[in-house]
Amino acid sequence: MAALADIVAFLDAELRTSEIPDYPAAMNGLQLANRGDVSHVAAAVDFSATVVHEAVTRGASMLILHHGMFWADATPIVGPRYHRLSLLFENDVAVYASHLPLDLHPRFGNNVLLAQELGLTPSGGFASSQGMVIGVSGSSDILTATLVERAKAFCERNARHLVTTPVRARQMTRRWGICSGAGASTDTLDEAVELGLDTLIVGEGPHHTAVQAPDLGITILYAGHYATETLGVKALVAEVATRFGIASSFIEAPTGL
Ligand SMILES: [Zn+2]
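About the cut-offs
Residues numbered from 1 in each chain as written. Predicted model: local features only at pLDDT ≥ 70, side-chain atom pairs only at ≥ 80, totals over all residues. Heavy atoms only, no water. Helix = DSSP H or I, 4+ residues; strand = E, 2+ residues; numbered from the N terminus. Rg over C-alpha atoms; globule rule 2.2 N^0.38 Å. Buried < 20%, exposed > 50% of the residue type's maximum accessible area, 1.4 Å probe, protein only. Contact = heavy atoms within 4.5 Å. Areas by Shrake-Rupley, 256 points an atom, 1.4 Å probe, with all protein chains shown as cover. Lys, Arg positive; Asp, Glu negative; His and termini not counted. Charge placed at Lys NZ, Arg CZ, Asp CG, Glu CD. Donors = N, O, S within 2.8 Å, 3.2 Å for Na, K, Ca; no water. Axes fitted to C-alpha atoms, helices over the stretch in contact; angles between N-to-C directions. Parallel < 35°, antiparallel > 145°, perpendicular 65-115°, else oblique. Nonpolar A, V, L, I, M, F, W, Y, C, P; charged D, E, K, R; others polar. Pairing = 2+ DSSP bridges. 1 Å grid on protein atoms, 1.4 Å probe; cavity = no way out; pocket = protein on both sides within 12 Å on 5 of 7 lines; lining within 4 Å. Points joined across faces, edges and corners; volume = space filled by probe spheres on them.

A. Structural context of the overall build of the protein chain. Of regular secondary structure, the protein chain possesses 10 helices and 13 strands. Relative to the globule expectation of 18 Å for 257 residues, the C-alpha radius of gyration of the protein chain, 19 Å, shows essentially globular dimensions. Its C-alpha atoms give the protein chain principal-axis dimensions of roughly 55 × 35 × 35 Å. The 257 residues of the protein chain split such that 53% are buried. Of all intrachain contacts in the protein chain linking residues separated by at least 6 positions in sequence, the fraction that spans at least 24 positions is 70%. Of the accessible surface of the protein chain, which amounts to about 11,300 Å², a share of 55% is contributed by carbon and sulfur atoms. Treating the 16 positive side-chain charges of the protein chain as one cloud and the 26 negative ones as another, the clouds have centres 7 Å apart.

Right under this line is the structure:
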């Protein structure tokens, strides 16, 4: 058994929760307290009824999320929202969320870990948001088709089908950038051109990014918003479990996107 306050203090310090800017609604940090003890910490990407039910079934007393509970303005606590919250209260489950602080973390970050999954070694940053560098970039000398195979295998392990813009025969990936989640946008494509990147690995992006990419000489691998953001919370709960000697688990709730 560990004290919620100790786990929160560790997470706040490790993730630099109060220092990293984010969208106001991200509300990083402890979002819901419990009575104070944690014996099992569960992780999930998103906050949903499925995730809350599963956390309760597993006897978790703390839930660590990448996308937390509050993404809209003040909303009445009725219907499904009431149901989710009442289950958390009744079962004494605390909720901690970490969005951008987790994306950019040098050890538990979604971007660093995705590079590792794909056998790539970051040497720089990529993708600015809220004045922070969120993603990673680096150099390589591999066939883009090889990278596509690795990304396909990663996606298969995370209930996702890889989508890519066209890849030419014997095309090479020499300068790549990674941004998990909604990583493809007009801004990140502009930045990729500035940095001379030829391959982007992202979670998802609007249709126009796939139209623009070939014109810009860039190949985009869309590995899934959900899939690319499973890595950080998984690594984080494993660390919390080891450090505090408590049980941990990851709750799969793929969105398909
Ligand atoms: Zn996200």
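B. Quick peek at the coordination of the zinc ion. Distances from the zinc ion to its protein donors, namely His67 (NE2), His225 (NE2) and Glu229 (OE), fall within the range 2.1 to 2.2 Å. In primary-sequence terms, the residues that donate to the zinc ion follow H-x157-H-x3-E. Here His67, found in the loop between strand 5 (62-65) and helix 3 (79-90), pairs with Glu229, found in the loop between helix 9 (225-228) and helix 10 (230-244); they are 162 residues apart in sequence, far enough to count as distant. Since its relative accessible area comes to 12%, His67 is described here as buried.

C. Inspection of the side chain of Ser98 at higher detail. Mapping Ser98 onto the fold places it in the loop between strand 6 (94-97) and helix 4 (100-103). On the basis of relative accessibility, which here comes to 1%, the residue Ser98 falls in the buried class. Beyond its immediate chain neighbours, meaning those up to four positions away, Ser98 contacts Leu15, Asn28, Leu65 and His66.

D. Molecular detail of the packing of helix 5 (residues 110-117) against helix 10. Two elements in contact, helix 5 and helix 10, have axes separated by 8 Å at closest approach and are oriented at 100°. Judged by the angle between their axes, helix 5 and helix 10 are roughly perpendicular. Two secondary-structure elements touch here, helix 5 through Asn110, Leu113, Leu114 and Glu117 and helix 10 through Thr230, Leu231, Gly232 and Ala235. Classifying every residue of the contact of helix 5 with helix 10 by side-chain character gives four nonpolar, three polar and one charged.

E. Local environment of the sheet that holds strand 4 (residues 40-44). Ordered in space as 2-6-5-4-13, the five strands form an open sheet in which the pairing is mixed. Every interior strand has two partners, whereas the edge strands, strand 2 (29-32) and strand 13 (247-250), have only one. Across this sheet, the average inter-strand angle for adjacent strands is 25°, counted without regard to direction. For strand 4 and strand 5, the ladder comprises four bridges, and the chain directions are parallel. Looking at strand 5, one finds that Ala42 is bridged to Leu63.

F. Main features of the layout of surface pockets. Estimated volume of the largest pocket: approximately 350 Å³. If you go around the largest pocket, you meet 20 residues; those closest to its centre are Tyr23, Leu100, Ser129, Ser180 and Ala182. Going through the elements one at a time, helix 4, strand 7 (124-129) and helix 7 (186-195) are the ones with two or more residues in the lining of the largest pocket. For the lining of the largest pocket, the element with the highest residue contribution is strand 7, accounting for three residues. Residue composition of the lining of the largest pocket, grouped by class: seven nonpolar, 10 polar and three charged.

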